[in-house]
Amino acid sequence: DEAAFRALVRRHHMRLVRLATAFTGARARAEEAVQDAWVVVVTSLGNYSGEAPLGAWIAGIVANKARTRAARDGRVVSFADMARGVFKEMADFLG
């Protein structure tokens, strides 16, 4: 349902961008990763098992897309910097 998807995007988009930025280091690349992730969410929603909160499932997709984009762009993020950003944002989804 389109209205439900729009509500989902409104609820999670900015946190997902912050999460992706922890991997990519740049907001523009993070936005691209999140857009890629939303496509995966739409096409894979039937595979969502419901075992984890929906926001956490989406955040995992975003993290994978952002990590892939960062690697493709040759971005190297220190573990400490990435962990600070990722753990903070993931806590918002789980919390």
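Structure: above.
Caption draft 1: Quick look at the packing of aromatic side chains. On inspection of all chains with the given rule, the structure shows two aromatic pairs. Ring plane angle 50° and centroid distance 5.2 Å describe the contact between Y48 and W57, whose orientation is recorded as tilted. Taking the relative accessible area as the measure of exposure, Y48 reaches 25% and is therefore partly exposed.

Caption draft 2: Quick peek at the packing of helix α1 (residues 2–24) against helix α2 (residues 27–44). Close contact between α1 and α2 brings their axes to 8 Å; oriented N to C, the two are set at 135°. The angle between α1 and α2 places the two elements in the oblique class. At the point where α1 passes α2, the crossing takes the right-handed sense. On α2, the residues that touch F5, L8, V9, H12, H13, M14, L16, V17, A20, T21 and T24 of α1 are R27, R29, A30, E31, A33, V34, Q35, W38 and V42. Looking at the contact of α1 with α2, its residues break down into twelve nonpolar, five polar and three charged.

Definitions and cut-offs
- Residues numbered from 1 in each chain as written.
- Predicted model: local features only at pLDDT ≥ 70, side-chain atom pairs only at ≥ 80, totals over all residues.
- Heavy atoms only, no water.
- Phe/Tyr/Trp six-rings, centres within 6.5 Å; stacked < 30°, edge-to-face > 60°.
- Buried < 20%, exposed > 50% of the residue type's maximum accessible area, 1.4 Å probe, protein only.
- Axes fitted to C-alpha atoms, helices over the stretch in contact; angles between N-to-C directions.
- Helix = DSSP H or I, 4+ residues; strand = E, 2+ residues; numbered from the N terminus.
- Parallel < 35°, antiparallel > 145°, perpendicular 65-115°, else oblique.
- Left-handed = near helix turned anticlockwise from the far one by under 90°.
- Contact = heavy atoms within 4.5 Å.
- Nonpolar A, V, L, I, M, F, W, Y, C, P; charged D, E, K, R; others polar.

Just geometry here; none of it tells us what the structure is for.
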